[in-house]
Amino acid sequence: VEKRRQRIRKHILEIATKRFALEGPDKVRLEEIADEADISRATLYSHFPSKDAIIYEIIKPVLEELIEEYEKLLKEIDSLKSEQTLNRLTDIFIHLWEHYQLSLLLAQKVLDMDPGELKPLYEKMLELKLKILSKFEEEKKLKLPKEIAFQVILNTLIPMLRFILPHPDGKKLFKASFKGLLLS
């Protein structure tokens, strides 16, 4: 029974991730997800009491992994040159895109408006990102003030990943574009 329940939960999350990321959570009703998952509304609600609960489950692993990767990078950052730090940072972003593409698209739509229960994780991720940018600022490598560079990353990262990575030389182009955007 528990294995079946876990399969249903996973199936709900797969459908919701795709629909929410591509259409936006406001345009998708939970009843539509239940219908597509071929389950009753009661079954869906037994797994997730609300749309926000589903969104939380979709985005939480991305934020947790990003926080973990930022913390690893910060432990080594003093021994790295700016170029190495930037390469590690872009590798993190590429890895996340390759593993959580739809979740990242959804996160971009949701987190800017109201992170809700994700707020502590979101704020921790933002805090760590600022610490990483501080390294570039201390070395006078940032083209822009740290706070502006921070906003540029928040607003351009996902579109850059989305449109540059599919190119045959996407990883190389993304790294060069990201470097050109931030570093002098």
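Residues numbered from 1 in each chain as written. Predicted model: local features only at pLDDT ≥ 70, side-chain atom pairs only at ≥ 80, totals over all residues. Heavy atoms only, no water.

Q: Could you give me a rundown of the overall build of the protein, with the residues and numbers involved?
A: Within the protein, the regular secondary structure consists of 8 helices and 0 strands. Starting at the N terminus and ending at the C terminus, the protein contains elements arranged as α-α-α-α-α-α-α-α. Dimensions of the protein along its principal axes, counting C-alpha atoms only, are 55 × 35 × 30 Å. Expressed as a percentage of the 184 residues in the protein, the buried residues total 44%. Looking at the protein alone, contacts between residues at least 24 apart form 70% of all its contacts between residues at least 6 apart. Accessible area for the protein stands at about 10400 Å²; split by element, carbon and sulfur atoms hold 52% of it. Here the protein holds 32 positive side-chain charges and 31 negative ones, and the gap between their average locations is 3 Å. (Helix = DSSP H or I, 4+ residues; strand = E, 2+ residues; numbered from the N terminus. Buried < 20%, exposed > 50% of the residue type's maximum accessible area, 1.4 Å probe, protein only. Contact = heavy atoms within 4.5 Å. Areas by Shrake-Rupley, 256 points an atom, 1.4 Å probe, with all protein chains shown as cover. Lys, Arg positive; Asp, Glu negative; His and termini not counted. Charge placed at Lys NZ, Arg CZ, Asp CG, Glu CD.)

Q: Describe the environment of L133, listing the residues and the values that go with them.
A: With respect to the helices, strands and loops of the structure, L133 is situated in helix α6 (residues 119-138). If near-sequence neighbours (up to four positions away) are discounted, L133 is found in contact with L142, K146, A149, F150 and I153.

Q: Break down the packing of helix α5 (residues 82-111) against helix α7 (residues 146-164) for me, citing the residues and quoting the values.
A: At their nearest, the axes of α5 and α7 sit 10 Å apart, and the two run at 115 degrees to each other. Relative to α7, the crossing made by α5 is left-handed. In this structure, α5 uses F93, I94, W97, L104, L105 and Q108 to contact α7, whose residues at the interface are N155, L157, I158, P159, L161 and R162. Residue classes in the contact of α5 with α7 are distributed as 9 nonpolar, 2 polar and 1 charged. (Axes fitted to C-alpha atoms, helices over the stretch in contact; angles between N-to-C directions. Left-handed = near helix turned anticlockwise from the far one by under 90°. Nonpolar A, V, L, I, M, F, W, Y, C, P; charged D, E, K, R; others polar.)

Q: Go over unusual backbone geometry, please, and point to the residues and values.
A: Despite not being glycine, D38 shows a phi value in the positive range, around 60 degrees. Relative to the elements of secondary structure, D38 occurs in the loop between α2 (30-37) and α3 (41-47). Although it is not a glycine, K140 adopts a positive phi angle of roughly 55 degrees.

Q: Run through the nonpolar core, naming residues and quoting values.
A: Among the nonpolar cores identified, the biggest contains 64 residues, and F20, I59, F93, F174 and F178 are the most heavily contacted of them. Within the residue set of this core, elements represented by two or more residues are α1 (2-23), α2, α4 (51-76), α5, α6, α7 and α8 (170-182). At 13 residues, α5 tops the list of elements feeding residues into this core. (Core = buried A, V, L, I, M, F, W, Y, C linked by side-chain atoms within 4.5 Å.)

Q: Can you explain the pattern of salt bridges? Please cite residues and give values.
A: Two side chains with opposite charge may pair up if their charged atoms get near one another. Counting across every chain of the model gives 18 salt bridges. Between R19 and E36 there is a salt bridge, with its nearest N and O atoms 3.0 Å apart. Separated by 17 residues along the polypeptide, R19 in helix α1 and E36 in helix α2 bring together distant segments of the chain. Since its relative accessible area comes to 15%, R19 is described here as buried. The salt bridge partner of E64 is K60, with a shortest N-O separation of 3.6 Å. With a gap of 4 residues between them, E64 and K60 both fall in helix α4, about one helical turn apart. One connected set of salt bridges, linked through shared partners, spans R19, E23, R29, E31, E32 and E36. (Salt bridge = Lys/Arg side-chain N within 4 Å of Asp/Glu carboxyl O.)

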